[in-house]
Amino acid sequence: MPLTGIRRSRSASARWPCADVTRRQIPFRVALVTVVVGLLVVTCGVLLGYGLSRGAQTIETLKGEYLDQVADASVRQVGRMPRIAAQVMRVQRYRIDTGFYRMNNPMSIARAFAGALETDPDILWISYSEAATGRFIGARRLDGDDSVLNLSDPRVNGGVPREYHAETGAVFIRKPPLTEPYEPRVRDWYRRGAAGAGSLVWTPPYTFAEGVKGITAAMAVTDAHGRVQGVLTVDFGLAGLENFLGRIRIGRRGVVTLFDDSGQLVAGRQSRGREAATRAVQDARLRPAAAGGSERVAVQVGRETWSVVVRSVAAGPELEWVVAAAVPDLDFMGRIYSTRRNAVAMLLVFVGIAVVVGFVLANGIARSLQRASSALDSAARFDPAEVPETRSVIREVAQLEDAVGRVNASLRSFARYAPEEIVRDIVLQGREAILSGERRDVTVLFSDLRGFTAFSERLRPEEVVAILNDHCELLVRIIARHHGFVVDFLGDAVFAVFNAPAHAANHVEHAVVCAIEIQRARAARNEQHRIRGWPPLEMGVGIDTGFAVVGNMGSVRRIKYGVVGHVVNAAARIETFTVGGQALVSDAVRAALGDRLVTEGPVDVEGKGLGAVMRLWQVVSLGGETTLTMPSLLRDFVALPRPLDAGVRLFVGKQLDPEIHAARVHRLGAGGAELTTKAPLAIFSTVHVHLPALAATGGADVDGKIIAVGERDGVTTALVSFTGVGWDTRDQLDALARRPATTTA
C-alpha cells in the first residue's frame, strides 16, 4: 500500500509539473486589476502634469499655427490671380502664335476675350495691343455678366476707342462718351510687358479709368526672333480680394490685411488690428527676408498686445505683396485659458471615473478568464466540466468561453464513443478563398478609332486583324510605360485604367501624358501605313478620374480583373464626343493637374449615362520637366485664295437629312475645313460635306464632326474635322486646298 501511494504521487507530479508552481504565482485577477488601474493612474497623472507644464507653450503654438493657417488661406487667395493670369495668358498667346486668331478681324478676337472674362469674376479687362500700329483690342466687364468690346486704331476714327455690346454687337456709348484717342504703347503696363521679354509682369496697384482699384498683368507676344509683336494684358479688380479679407474673422477683432512691397496698404478693413499689422509690416526688422517666408511678432497698440503673422507673397516679377493676420491676445486666449482650467477639472473627474470603470472591467475580465482557465484545466485532465451560461461582455472573452464550452461538450460526446487516445486528436482549421474587390481612386482612359468600320468593310479580314493588332500593340506599349493597365479591348477601342491593379502615384498625370503620346505615336505610325498600303487611322481619347470598384470579378470558374463605377461610364461617354487626333478630359482631370495642363474650352455636354451636364476640356499641352504638346487639329489647314462653294447636310439621329445647306469653305486641309453657312450647326454634331470641286477631280463627299462654332459677319462659322478619309481623298483635299486662285472653282 505505501509503495502504491508513492507511485501515484510521482505519476501526478510528472504529468502536471505546474501544479506546485501555481501556488507560488500571483492570481490573474490581482495582476490584471493592479496593472490596469495602475497604468490608468500613472498615465493620467503624467499626462496631467505634462499638460499643465507645457500648456502655455502649446497654446502659443496653436495660436501661431492658427494665424499661419489664416495667412495661408489669404496667400492662396492672393496667389489665385497670378495662376489665373498665367492660364489666360498662355491660352491667348497660343492662339495668337498659332494663327488661330485672325488679326484682320478684331471683333472676333474681342469676342473671344469677352468669353475669357468668364474665367474669373475678378477679371475686369483682357486686351491685346499691337506694337507696330498701336491698335488696341480688348473686352471689359460691366456689372454682372455683361461685357463690352473696346477697339481703337490710330488709323480709324483718329484713334478714339469704339465700344460694342459683346452679346449683340450694338454700339455702346459711355457716359461721358470717349472723345480722346487712345495710345496703349505709352502706358506703364505696355512698357513693363514689352520689357519683360515674354514673361508675365505686374504693375503696382492703381485706379483704373472706371474708378476701380486694381492691378494689371502684362505679357509680350514675340516672334521667332524675339521681336515684340504686341502686349497681352489681364486686369484684376481688387474689390473681390477686399471682400474676401473682410469676411475673415479671427476672434472678435482680428483682421487680415494686404500690403504691397513698399509697405503701403492694398486691402483690409479699418480697425486697430490694421494699425498693428501696418506697424509690423513697415518695420523692416520684422518683415520676412525671403519670398514665401513668414514671421510671428508681437506688436503693442495702446495697452493691448497684438499677435501678428507676416507672410510674404512673391508670385512673379514686380508682384511681391505681404499678408498680415493680426489678433489681440486677450480676445484669442481668454476663452482658451478658461477652457484649459475647465479641462483640467474635467480631466481629474474623468481620471476618477476611469479608475473605477477600469477596476470593474478588469475584475470582470479576470473572473471570466478564471472560469475559462478552470474549464480548460479540467479538459486537460480529460474531466470536462460544465461551463456556466453567464458570458462576459467582452466579445473576445465571450468567444473564448464559448469555445471552451464547445470543446468540453465535444470531449464529453467523444468520450462516450471513443477511447481517450482518440479524444486527443488534433483539429485542423482552414479558410476558403473568396472573390473580393476594393474602392480606389483611379483614372480611366478610353480610346477609339474614327471611321475604322468603314475602312474594314473595304479590306480583307487578314488586313483588318493585322491593322488592329498593330494599333493595339502600339497603345499597350505606351500605356504600360506610363503605369497603366489595359482592362479590355472593345473592338477597335481600348479601355485602360491607371492606379490599378498596382498603385501609381500621379496617376492623373500619367494618363494625360499617355494620351498625348499615343496621339503623337498614332500620327507618326500613319506614315508607315501609307508605305504598307494601309488606310490612315485617327482616334479620339476621353479621360476621367474618380473612385471606382476594382478587383477580381466573376465566378470561381471564370475570374477577370474589372473596374466598375461612374468614372468608367463618364470616360467612355467623353470619348464619344472626340474627333480623330483629339483628347478630351473632364473637369476633375483638369483640376487635378492645375496650371500645368493647357486646355481649350470648356464645352458643356449632356449624354446618356452622365446623369448631369459634364464640362469637357480639349488637351493642348502638359507642362513639366518637358512640355508635351498635342498634334494640332488645324496643322494642315490652308487659307484659300477664294472661298469654295460647298453643301452641308446634317445628321438627324442616325439619318442623313435630305436638305442641303449652302456653305462657303475658307480654309481647307486633308483633315478638315473651316466653312461658313446658315445651317443650324452645333458643336459635336455630325455633318456630310459636299465639295463640287472635289467631285470634279473624281473624289467623293466626306463626313465630319463639328469641333468649334463661331460667327463671321453674322454668319455661322464652323471648324469641321473629317472622319474616315482615305489616302486618295486626303491627297485630293490637299491638292484642292493648294490650287492657285486662278484655277479654283
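You'll find the structure just up there.
The text that follows walks through the structure, step by step, so that each part is easy to find. On a predicted model such as this, the values are computed, not experimentally measured, just so you know.

**Some thoughts on the overall build of the chain**
- From N to C terminus, the chain includes 17 helices and 29 strands.
- Put simply, the chain has 745 residues, and 45% of those count as buried.
- In the chain, 59% of the contacts between residues at least 6 apart in sequence involve partners at least 24 apart.
- Of the roughly 39,300 Å² that the chain leaves accessible, carbon and sulfur atoms contribute 55%.

**Some points on the pairing of strand β29 (residues 715-723)**
- As defined by bridge partners, strand β26 (residues 672-677) adjoins β29 across six bridges and the pair is classed as antiparallel. In the strand pairing of β29, T676 is matched with T717.
- As defined by bridge partners, strand β28 (residues 702-712) adjoins β29 across nine bridges and the pair is classed as antiparallel. Residue pairing in the sheet places I706 in a bridge with V720 of β29.

**Let's talk about the packing of helix α12 (residues 461-481) against helix α13 (residues 507-532)**
- Viewed as axis vectors pointing N to C, α12 and α13 meet at an angle of 150°, and their least axial separation amounts to 10 Å. Between α12 and α13, the angle falls in the class roughly antiparallel. Taken as a pair, α12 and α13 cross one another with a handedness that is right-handed. Counted together, I467, D470, H471, L474, L475, R477, I478, I479 and R481 of α12 and C514, E517, I518, A521, R522, R525, H529 and R532 of α13 form the full contact between these two elements.
- Looking at the contact of α12 with α13 residue by residue, the class counts come to eight nonpolar, two polar and seven charged.

**With respect to the pairing of strand β8 (residues 228-237)**
- Extensive coverage of β8 is indicated by the burial of eight of its ten residues.
- The pairing of strand β7 (residues 213-222) with β8 spans nine bridges and is classified as antiparallel. Each residue of the ladder has a partner; that of G214, found in β8, is G237.
- Between β7 and β8, which pair antiparallel and follow one another directly, the connecting turn spans five residues, one of which, G226, has a positive phi of 85°.

**A few points about the packing of aromatic side chains**
- Applying the stated criterion across every chain, the model contains nine aromatic pairs.
- Residues Y206 and F208 carry aromatic rings whose centres are separated by 5.0 Å and whose planes lie at 65° to one another, so their mutual orientation is edge-to-face.
- Measuring from ring centre to ring centre gives 4.6 Å for F446 and F495, while their planes differ by 10°; the resulting arrangement is stacked. Residue F446 is located in strand β14 (residues 437-450), and its partner F495 is located in strand β16 (residues 493-498); the two are separated by 49 residues in the primary sequence. The same class applies to F446 as to F495, namely buried.
- By the ring-pair criterion, three or more aromatic residues cluster together here, those being F100, Y101 and F113.

**Section: the environment of G268**
- Relative to the helices and strands, G268 resides in the loop between β10 (265-267) and α7 (272-282).
- Exposure remark for G268: the relative accessible area of 7% places this residue in the buried category.
- For G268, the contacting residues outside a window of four places in its chain are E242, V256, T257 and R274.

**Looking at unusual backbone geometry**
- Between K175 and P176 the backbone carries a cis peptide bond, its omega angle lying at -5°.
- As for its placement among the helices and strands, P176 is situated in the loop between β4 (162-165) and α5 (188-195).
- Here the bond from G601 into P602 is cis, since omega is 5°, no more than 30 degrees from zero.
- Take P602: it is sitting in strand β20 (residues 597-605).
- At N157, a residue that is not glycine, the phi angle is positive and equals roughly 60°.

**Notes on helix α14 (residues 566-576)**
- Looking only at α14, the buried set comprises V567, V568, A570, A571, I574 and E575. Seen from one end, α14 has its buried residues packed into an arc of 165°, which puts them on one side.
- The inward-facing, buried residues of α14 contact β14, β16, β17 (538-554), β18 (559-564), β19 (583-586) and β21 (614-622).

**What to know about α7**
- Buried residues of α7: G273, R274, A276, A277, A280 and V281, and no others. Considered in projection along α7, the buried side chains sweep an arc of 160° and stay on one side of the axis.

**Observations concerning a nonpolar patch on the surface**
- Together, M346, V349, F350, I353, V357 and L361 make up an exposed nonpolar region whose accessible area comes to about 560 Å².
- Turning to its location among the elements, M346 is positioned in helix α8 (residues 329-380).

**A look at the environment of C44**
- Considering the arrangement of structural elements, one finds C44 in helix α3 (residues 28-97).
- Sequence separation between C44 and L348 is 304 residues, and the spatial gap between their C-alpha atoms is 8.5 Å.

**Here we look at the pattern of salt bridges**
- In this structure the tally under the stated criterion is 25 salt bridges.
- Here R440 and E438 are joined by a salt bridge, their closest N and O atoms 2.4 Å apart.
- Several salt bridges converge on common partners, so that one network encompasses R140, E163, R174 and E210.

**Topic: the environment of L622**
- Relative to the helices and strands, L622 resides in strand β21.
- On the basis of relative accessible area, L622 is assigned to the buried category, the value being 3%.
- Taking the C-alpha atoms as reference points, L622 and T599, 23 residues apart in sequence, are found 8.8 Å from one another.
- For L622, the residues in contact, after removing those within four places along its chain, are E509, V512, V513, I516, L593, R596, L597, T627 and L628.

**Here we look at the side chain of D235**
- Looking at the secondary structure, you find D235 in strand β8.
- Salt bridges are absent for the buried D235, whose nearest opposite-charge side chain, R174, sits at 9.7 Å.
- For D235, the side chain forms a polar contact with the side chain of T216, separated by 2.8 Å.
- Those residues in contact with D235 that lie beyond four places of it in its chain are D122, I123, L124, W125, Y206, F208, I215 and T216.

Definitions and cut-offs
- Residues numbered from 1 in each chain as written.
- Predicted model: local features only at pLDDT ≥ 70, side-chain atom pairs only at ≥ 80, totals over all residues.
- Heavy atoms only, no water.
- Helix = DSSP H or I, 4+ residues; strand = E, 2+ residues; numbered from the N terminus.
- Buried < 20%, exposed > 50% of the residue type's maximum accessible area, 1.4 Å probe, protein only.
- Contact = heavy atoms within 4.5 Å.
- Areas by Shrake-Rupley, 256 points an atom, 1.4 Å probe, with all protein chains shown as cover.
- Pairing = 2+ DSSP bridges.
- Axes fitted to C-alpha atoms, helices over the stretch in contact; angles between N-to-C directions.
- Parallel < 35°, antiparallel > 145°, perpendicular 65-115°, else oblique.
- Left-handed = near helix turned anticlockwise from the far one by under 90°.
- Nonpolar A, V, L, I, M, F, W, Y, C, P; charged D, E, K, R; others polar.
- Phe/Tyr/Trp six-rings, centres within 6.5 Å; stacked < 30°, edge-to-face > 60°.
- Arc of directions from axis to C-beta.
- Patch = residues over 30% accessible without salt bridge, like charges linked within 9 Å, V, L, I, M, F, W, Y side chains within 5 Å.
- Salt bridge = Lys/Arg side-chain N within 4 Å of Asp/Glu carboxyl O.
- Lys, Arg positive; Asp, Glu negative; His and termini not counted.
- Polar contact = N/O pair within 3.5 Å; in protein donor to acceptor, adjacent residues only side chain to side chain.

Treat this as a map of the structure, not an account of what it does.
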